[in-house]
Amino acid sequence: MKVQLVKLAHARSGDKADWVDFGLFAWNEAGYRLMEREVTAERVQAHFAPWLPGTVQCWTLPNILALKLVLQGALQGGGARNLRMDNLGKAMAAALLRMEIEVSAAEFAEAGAAPRVGWWPEAP
């Protein structure tokens, strides 16, 4: 089944010059295992293909259940130079969370049932 990343994670992002930098944080270890397997530099590149002529770099950060992604050439020369609306890193984090990955129903159920790690309360 296809699942949007927003069901498994939250994201923080920023931009500098023509790069966008994402931190994609899994809600729990089960979700992190799925992200680590399914969220690759190549898949993120394909997801952002209409906007991204540059490259994507991806690093795993298992100690904090996160992936670090850097999109180079993502802002048409820089935030102040580009003609897109809502072009900065924060808007692009929302677009990343809409990316779909393939998981089995059992994997998704496990990630949904596992308690969230961190200070935030459980979702209603």
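Predicted, not measured: the structure shown is a model, and the values here were computed from it.

J.: How would you explain the packing of aromatic side chains if you had to name every residue and give the values?
T.: Two aromatic rings are characterised by how far apart their centres lie and by the angle between their planes. Within this structure, the stated rule accounts for one aromatic pair. For the cation-ring pair, Arg116 lies above Trp27, with the distance from its terminal atom to the ring centre recorded as 3.8 Å.

J.: Summarise the pairing of strand S5 (residues 66–72); cite the residues concerned and give the values.
T.: Across a regular strand the side chains alternate sides, sitting on one face of the sheet and then on the other. Among the seven residues in S5, five count as buried, and that is most of the element. Summarising the sheet, strand S3 (residues 19–26) and S5 pair through seven bridges and their orientation is antiparallel. Counterpart to Asp21 in the pairing with S5 is Val70. Bridging between strand S4 (residues 56–61) and S5 involves six bridges; their strand directions are antiparallel. Across the sheet, Gln57 pairs through a bridge with Val70, a residue of S5.

J.: For the nonpolar core, give the residues involved together with the corresponding values.
T.: In this structure, Leu24, Val39 and Leu71 are the most contacted members of the largest nonpolar core, which totals 34 residues. Every element with two or more residues in this core is listed here: strand S2 (9–16), S3, helix H1 (29–38), helix H2 (41–47), S5 and helix H3 (89–97). For this core, the leading source of residues is H3, giving five residues. Other than its neighbours up to four places away in sequence, Val39 contacts Leu5, Leu24, Leu34, Val44, Cys58, Leu67, Leu69, Met99 and Ile101.

J.: Break down the side chain of Asn28 for me, citing the residues and quoting the values.
T.: Tracing the chain through its elements places Asn28 in the loop between S3 and H1. Note on Asn28: relative accessible area 4%, which makes it buried. Separated by 2.9 Å, the side chain of Asn28 and the backbone oxygen of Ala111 make a polar contact. Among residues more than four places away in sequence, those in contact with Asn28 are Leu65, Ala111, Ala114, Pro115 and Val117.

Quick notes on the rules
- Residues numbered from 1 in each chain as written.
- Predicted model: local features only at pLDDT ≥ 70, side-chain atom pairs only at ≥ 80, totals over all residues.
- Heavy atoms only, no water.
- Phe/Tyr/Trp six-rings, centres within 6.5 Å; stacked < 30°, edge-to-face > 60°.
- Lys NZ or Arg CZ within 6 Å of the ring centre and 35° of its normal.
- Buried < 20%, exposed > 50% of the residue type's maximum accessible area, 1.4 Å probe, protein only.
- Helix = DSSP H or I, 4+ residues; strand = E, 2+ residues; numbered from the N terminus.
- Pairing = 2+ DSSP bridges.
- Core = buried A, V, L, I, M, F, W, Y, C linked by side-chain atoms within 4.5 Å.
- Contact = heavy atoms within 4.5 Å.
- Polar contact = N/O pair within 3.5 Å; in protein donor to acceptor, adjacent residues only side chain to side chain.

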